[in-house]
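What follows is each chain in one-letter form.
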There are 2 protein chains.
Amino acid sequence: MSTSKLGMAFKKDDNFGEWYSEVVVNSEIIEYHDISGCYILRPWAMEIWELLKEFFDAEIKKLKLKSYYFPLLVTENVVQKKKDHFEGFAPEVAWVTKTGKSELEAPFAIRPTSEAVMYPYFARWIRSHRDLPLRCNQWCSVVRWGCSNPIPLIRSSEFLLQEGHTVFATKEEADEEVLHILELYRRIYEEFLAVPVSKGWKSEMEKFAGGLYTTSVEAFIPNTGLGIQGATSNCLGQNFAKIFEIFFEDEKDPAQKNNEKDKRSLVWQNSWAYTTRSIGVMVMTHGDDKGLVLPPRVAPIQVIIIPDLLEDTDTTAINGACETIVCTLNQAGIRADLDARENYYLEWKYSHWEMKGVPLRIEIDLKDLANKQVRVVRRDKGAKVDIRSTDLVEHVKVLLAEIQDILFETAKEKRDACIEVISTWDEFTAALNDKKLILAPWCDEEEVEKDVRARTEGADLGSAKTLCTPFDQPDLMEGTVCFACGKPAKTWSFWGRSY
Amino acid sequence: MSTSKLGMAFKKDDNFGEWYSEVVVNSEIIEYHDISGCYILRPWAMEIWELLKEFFDAEIKKLKLKSYYFPLLVTENVVQKKKDHFEGFAPEVAWVTKTGKSELEAPFAIRPTSEAVMYPYFARWIRSHRDLPLRCNQWCSVVRWGCSNPIPLIRSSEFLLQEGHTVFATKEEADEEVLHILELYRRIYEEFLAVPVSKGWKSEMEKFAGGLYTTSVEAFIPNTGLGIQGATSNCLGQNFAKIFEIFFEDEKDPAQKNNEKDKRSLVWQNSWAYTTRSIGVMVMTHGDDKGLVLPPRVAPIQVIIIPDLLEDTDTTAINGACETIVCTLNQAGIRADLDARENYYLEWKYSHWEMKGVPLRIEIDLKDLANKQVRVVRRDKGAKVDIRSTDLVEHVKVLLAEIQDILFETAKEKRDACIEVISTWDEFTAALNDKKLILAPWCDEEEVEKDVRARTEGADLGSAKTLCTPFDQPDLMEGTVCFACGKPAKTWSFWGRSY
């Protein structure tokens, strides 16, 4: 089972697609499944997912989010009624039409997301302002079928996610939460996965169907020149409240007190989610020709200890020393493990744990034991250093923190090097061909984005579109015009092709 | 949202079915969903589920279980191939036949359990004895459709569960794990949910389809006279290994070394699961006419603190005292919360938290504050006692432990009072009509169980069947005969109708 292949057949810079498919399998992150677009998440992925969940759950509990589990299936009835919202998802919905040998009278949809599953019940539960805010989160899987070109973790038919759905009496509360959650998503990517992201607003075309506005964190994969949406935090405004008839009696508003009808106000809603895609983005960002490279904060094993046993050695002393090290590191809060398996060669073990991306490897042989030292090898740079056993915990902590920082800084430099600021259509198409992350002055009009898409549609590649309008806006000089239509520009926006 | 209804319309002893449907909704455990047999698990259920999960996850990590997530869907192909196994589940399988507007070439089944999803990959991952044991656990939901008479948590079309799937080189290892896991299930029921269960073997008719043998923990609901399977721990033997062709090269066996063909051995497998049904059994066991009664170890809130504010009181002092108490209890590891909402009457709050089954209520008024005491009210007995504030933590700990014990002891007495030891067919049918948990001497033959089922089939009620053959066997006197067929008895077994 754990016999990962030694070495990689493909190189990241030569054939990125094949390299990625190989690294996620060889590092035992996923296994391909016989249904195209479905993947088995192996312990190496699940443990990363659980580390992220631990952080996120603790943070949203501070925000008084509560755990729910809503059914996997939703009636066609609800789907039809909420057509506007479902339209975006319609081509992707998997339908259950039969149970046992019986045809169902009306089919059920497997949730592509849970708005339509949850909101009819929100309408039932919310009566007065005392019932607000309602804050709901669930960890589950959703199914969105039919990507013609699936990529493990990145574009899959089923994936794991958290989905938060919250209801407020006022827009101010909703607005504030949208940004609070977006900051948590930034931290997941930047502080845990060491992947640089841009916070920003989605365009009208790209926002969540039926919502008021969408914010997102956007990552970028230099090798492919493709942007990738990391997570979204949506303010739904009162749009879904209208569709699902979610009202509350707002006793606080004296102007409405005398009018029975007007006493009811529509609620304000948010929804936000991040998925196992985040793990895929991390793999793409840091992996190298030896396999996975894990940022220490999400590495299920941060330090692997490998005894170097010669055939004629008394193994007891070395194994004992290794066990002591594991214990000491664990007690210091470091996730360390020992590979004392006797039936694998040393070189195989080194390659195996490099393939799996473990940040630090500790080697010990008889000489080290005599010198009261160990050899520490970094996964990211391959650098080796001998460290006195007594200083080990302190050194390991420093090294792990340093690796975490350097992975982020390196990824950020690479990403930043791809950013190209343009101002004309010719510069735009040139940058697009160069696989750049394009920052362009834009009029922020839907028709113009449609037009850009139409004009850039490639054979194999998708068309160019807005990735986001970053919160962090460069100055927009008086008289700057839209790169695509020549009208006055209103924003700087990121454009490119994307996953 | 949180406006639970005050009081219960139905009484547990008068109309158990209606009482149960009411209590799970009013206590905000579940909400009915518009698809029959599907239910929304609300925070009060999810937090209990998470408390159980925390215990169980820590225990199975000691056993080196690893987290996996396998896809929700399985191809018809696999289902057809593994017909024998799937036959038992076939009537319950939900089929996806369409995605978007396209018919699928071959339909997908939503997993009713994951043997057929996982084992083809086990066959791929396992090569040599070095890959064993393989220990896999996943937390997910499964879908088993078509119960005509669904009951929230107890018999539902979709439910949450953990499913463990393990693979060993030897039967001894598999046997040992089956019992280890069963003991964890007993602890979940008895030590956490305070529900008495019997450990035992399932009969040939009742065992897991395709497995070698099934062990289970069995509970009993005195009000309905129905047994209920709490959880199962199955040894699959080598049966699934044959179907899914899961072999390993057993280098340890020198006798086989010279024969290339014989070097491969079939693995031994287990599978085991417990589900959200456990929460339903707990509700049925302890609930009363005021609502839910929660055993302290699984109560999301163990102590609710309610300030008794008179209209003309200075509320600051009392609220301050309440907050201090919450803090003190939380620091002592007790899950305490404050209900300081101003827009609810005191009596409503009392009823609300009684309905939700919180084990202890602490009331404080001005007089208590002056006397440096608080009033503590027990949910299980309604007993009230004034306790000096300085002694509070110690007292609360003792009370919570006492309530946990008493709930279990009371439930056990009630269950034991239902056990009827019988020896003849007439005694059997009389006991069955009396809703007893029947302990009967049995020949342990499949044909005889079939016969008993046929002879006891009622109009509305299901037929009688074996619940389990308890590990804890009374002496079987020489010459004891089977209650149903008169042949020599081989075991004492529990019989009855069941959920």
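No experiment lies behind these values; they were computed from the predicted model shown.

## Some thoughts on the overall build of chain A
Check the secondary structure of chain A and you find 14 helices and 23 strands. Against the globule reference of 23 Å for 499 residues, chain A gives a C-alpha radius of gyration of 26 Å, in line with a compact fold. Across its three principal axes, chain A shows a C-alpha extent of roughly 90 × 55 × 55 Å. The buried share of chain A, taken over its 499 residues, is 57%. Carbon and sulfur atoms provide 48% of the accessible area of chain A, an area that totals close to 21100 Å². Distance from the positive charge centre (62 side chains) to the negative charge centre (79 side chains) of chain A: 4 Å.

## Describing the relation of the copies chain A and chain B
Rotating chain A by 180° and moving it 0.0 Å along the rotation axis overlays it on chain B with an RMSD of 0.0 Å. What the rotation and shift describe, once combined, is the action of a two-fold rotation axis. For chain A, the minimum C-alpha distance to the rotation axis belongs to valine 96 of chain A and amounts to 2.1 Å. Taken together, the interface assignments show that 100% of the residues at the interface of chain A recur at the interface of chain B, consistent with an identical surface on both copies.

## Some points on the interface of chain A and chain B
Counting residues at the interface gives 58 residues for chain A and 58 residues for chain B. In this assembly, chain A packs against chain B so that about 5100 Å² is buried in total across both faces, 58% of it on carbon and sulfur atoms. Inspection of the region where chain A meets chain B yields five salt bridges. Measuring nitrogen to oxygen at the nearest pair gives 3.5 Å for the salt bridge that ties glutamate 31 of chain A to arginine 124 of chain B. Linking chain A to chain B there are 26 residue pairs in polar contact (both at pLDDT 80 or more). The class makeup of the residues in the side of chain A that touches chain B is 34 nonpolar, eleven polar and 13 charged. The sheet contact formed by strand β5 (residues 94–99) of chain A and strand β5 (residues 94–99) of chain B spans five bridges and is antiparallel. Each residue of the ladder has a partner; that of valine 96 of chain A, found in β5 of chain B, is valine 96 of chain B.

## Remarks on the sheet that holds strand β19 (residues 384–388) of chain A
Whenever strands of a sheet pair, they do so through backbone hydrogen bonds, lying parallel or antiparallel. All names here are of chain A. Read from one edge to the other, the open sheet built from five strands follows the order β16-β15-β17-β18-β19, with strand pairing classed as mixed. Because the sheet does not close on itself, it has two edges, and the strands there are β16 (336–338) and β19. For this sheet, the mean angle separating the axes of adjacent strands, direction not counted, is 25°. Taken together, the three bridges between strand β15 (residues 303–307) and β16 define a ladder with parallel strand orientation. Paired with isoleucine 305 across the strands is leucine 338, a residue of β16. Lying on the sheet, helix α9 (residues 315–331) is in contact with β15, β16, β17 (360–364) and β18 (373–378); it crosses β15 at an angle near 170°. Helix α12 (residues 392–418) contacts β15, β17, β18 and β19 of the sheet and is inclined by roughly 5° relative to β18.

## Observations concerning the sheet that holds strand β17 (residues 360–364) of chain B
All names here are of chain B. The strand order β16-β15-β17-β18-β19 describes an open sheet built from five strands, whose pairing is mixed. Where the open sheet ends on each side, the last strands, each with one partner, are β16 (336–338) and β19 (384–388). Strand-to-strand, the axes of this sheet are offset by a mean angle of 25°, without reference to chain direction. Its contacts with the sheet place helix α12 (residues 392–418) against β15 (303–307), β17, β18 (373–378) and β19, and it is angled at close to 5° to β18.

## Observations regarding the nonpolar core
Of all hydrophobic cores here, the largest spans 153 residues; its most connected members are Ile29 and Ile110 of chain A together with Ile29 and Ile110 of chain B. Residues within four places of isoleucine 110 of chain B in sequence aside, it is in contact with Leu72, Leu73, Val96 and Ile110 of chain A together with Leu72, Leu73, Val93, Ala94, Val96 and Val143 of chain B.

## Looking at the domain arrangement of chain A
For interface size, the figure often reported is the accessible area lost on association. Residue and element names in this part refer to chain A. Taken as a whole, chain A is organised into domain 1 (16–286), domain 2 (296–414) and domain 3 (419–498). Each of domain 1 and domain 3 was reduced to a C-alpha centroid, and the two centroids are 27 Å apart. With 20 residues of domain 1 in contact, the opposing surface of domain 3 contributes 18 residues. Where domain 1 abuts domain 3, roughly 1600 Å² becomes buried across the two surfaces, and 64% of that area is made up of carbon and sulfur atoms. By the criterion of area lost to domain 3, the three top residues of domain 1 are Trp201, Met205 and Glu206, representing 35% of everything that side buries. Residue lysine 465 is joined to glutamate 206 by a salt bridge in which the shortest nitrogen-to-oxygen separation is 3.5 Å. Summed over the shared surface of domain 1 and domain 3, the result is seven residue pairs in polar contact (both at pLDDT 80 or more). Those elements giving two or more residues to the side of domain 1 that touches domain 3 turn out to be α6 (171–192), β9 (198–201), β10 (213–221) and β11 (226–237).

Cut-offs applied
- Residues numbered from 1 in each chain as written.
- Chains lettered and ligands numbered in written order.
- Predicted model: local features only at pLDDT ≥ 70, side-chain atom pairs only at ≥ 80, totals over all residues.
- Heavy atoms only, no water.
- Helix = DSSP H or I, 4+ residues; strand = E, 2+ residues; numbered from the N terminus.
- Rg over C-alpha atoms; globule rule 2.2 N^0.38 Å.
- Buried < 20%, exposed > 50% of the residue type's maximum accessible area, 1.4 Å probe, protein only.
- Areas by Shrake-Rupley, 256 points an atom, 1.4 Å probe, with all protein chains shown as cover.
- Lys, Arg positive; Asp, Glu negative; His and termini not counted.
- Charge placed at Lys NZ, Arg CZ, Asp CG, Glu CD.
- Least-squares fit on C-alpha atoms with pLDDT ≥ 70 in both.
- Contact = heavy atoms within 4.5 Å.
- Buried area = accessible area lost by both parts, 1.4 Å probe.
- Salt bridge = Lys/Arg side-chain N within 4 Å of Asp/Glu carboxyl O.
- Polar contact = N/O pair within 3.5 Å; in protein donor to acceptor, adjacent residues only side chain to side chain.
- Nonpolar A, V, L, I, M, F, W, Y, C, P; charged D, E, K, R; others polar.
- Pairing = 2+ DSSP bridges.
- Axes fitted to C-alpha atoms, helices over the stretch in contact; angles between N-to-C directions.
- Core = buried A, V, L, I, M, F, W, Y, C linked by side-chain atoms within 4.5 Å.
- Domains from an automatic or database assignment.

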